[in-house]
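Tertiary structure, described
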Amino acid sequence: ALSTGYIPVVSTVAQGMDADTAYNINADTAAAKLAEALHAEKLILLTDVRGLLRDPQDEETLIHVVHTYEVPGLVASGVISGGMIPKMECCVDAIAGGVERVHILDGRIHSILIELLSDEGIGTMLKKEAHSA
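The rules we used
Residue positions are counted from 1 within each chain, in the order its sequence is given. Per-residue local features of the predicted model are confined to residues with pLDDT of at least 70, and side-chain atom pairs are confined, for both listing and counting, to 80 or more; whole-chain, interface and lining totals are unaffected and use all residues. Note: side-chain values were computed over all heavy atoms of the structure, leaving out hydrogens and water. For this analysis, a nonpolar core means a set of buried residues of the types Ala, Val, Leu, Ile, Met, Phe, Trp, Tyr and Cys, connected via side-chain atoms within 4.5 Å. Under the scheme applied here, a residue whose accessible area is under 20% of the maximum for its type counts as buried, over 50% as exposed, and between as partly exposed, the area being computed with a 1.4 Å probe on protein chains only. Secondary structure elements are defined from DSSP: runs of H or I of at least 4 residues count as helices, runs of E of at least 2 residues count as strands, and each element is numbered from the N terminus. Paired strands, in this sense, are two strands between which DSSP finds at least two bridges. Between Lys or Arg on one side and Asp or Glu on the other, a salt bridge is scored when a side-chain nitrogen of the former is within 4 Å of a carboxyl oxygen of the latter. For helices, the fitted axis covers only the stretch in contact; all axes are lines through C-alpha atoms, and the angles between them, taken along N-to-C directions, range from 0 to 180 degrees. For this analysis, residues touch if any pair of their heavy atoms sits within 4.5 Å.

Let us look at the nonpolar core. Ranked by internal contacts, the top residues of the largest apolar core, which has 24 residues, are Leu43, Leu52, Val66, Met88, Val102 and Leu126. For this core, the secondary-structure elements that each account for two or more residues are helix 1 (27-37), strand 3 (42-47), helix 2 (71-76), helix 3 (84-96) and strand 5 (101-106). A per-element tally of this core places helix 3 first, with 6 residues.

By the alternation rule, side chains of strand 3 split into Leu43, Leu45 and Thr47, which are all buried, and Lys42, Ile44 and Leu46, of which none is buried. Alignment of strand 3 against strand 5, held across 6 bridges, turns out to be parallel. Its bridge partner lying in strand 5, Leu46 is registered against Leu105.

Right, let's talk about the pattern of salt bridges for a bit. A pair can form between side chains of opposite charge whenever their charged atoms are brought close. For the coordinates displayed, the defined rule picks out 5 salt bridges. With a shortest N-O distance of 3.0 Å, Arg108 and Glu59 are connected by a salt bridge. You can see Arg108 sitting in the loop between strand 5 and helix 4 (111-117) and its partner Glu59 sitting in the loop between strand 3 and strand 4 (65-67), a full 49 residues away along the chain. By relative accessible area, which is 48% here, Arg108 ends up partly exposed. The exposure class of Glu59 is partly exposed, given its relative accessible area of 27%. The structure contains a network of salt bridges with shared partners spanning Glu59, Asp106 and Arg108.

Below, the discussion takes up unusual backbone geometry. Despite not being glycine, His39 shows a phi value in the positive range, around 55°. For His39, the location among the structural elements is in the loop between helix 1 and strand 3. Owing to a relative accessible area of 70%, His39 belongs among the exposed residues under this scheme.

Below, the discussion takes up the sheet that holds strand 3. If you trace the 4 strands from one edge of the open sheet to the other, you get 3-5-6-4, paired in mixed fashion. Each edge of the open sheet carries a strand with a single partner, namely strand 3 and strand 4. Geometrically, the sheet is characterised by an average inter-axis angle of 20° between neighbouring strands, direction not taken into account. The sheet contacts of helix 3 involve strand 3, strand 4, strand 5 and strand 6 (124-127), and relative to strand 5 the element is tilted by about 150°.

As far as function goes, none of this settles anything; it's purely spatial.
What follows is the structure in structure tokens.
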């Protein structure tokens, strides 16, 4: 579809094997798998917070950059909890699958434009551990 100029829209609702049940598939997981399959450089996930917050009750505690190796420790310490766990896991999986960077941005504002047009960025960026020279 992409090679012929179409932009596919992918629904994350799937029909069950029994044909009577529809299942809500985690959209972040589906997006991460698509990004891997398409050999995307970046994956952008939108959420209802500024990004990964050190304190979920305080949006001023935004963590701007997270390396994939830090994620297990952030889960263990409770910084990553609840619905942010599967989001971060799919981010790590996407990077392991070849996506260079994953951005978690606030979908309540024009965050994609701000992220793309600023030097600092406004959300949380996940990337692989920097290789030592």
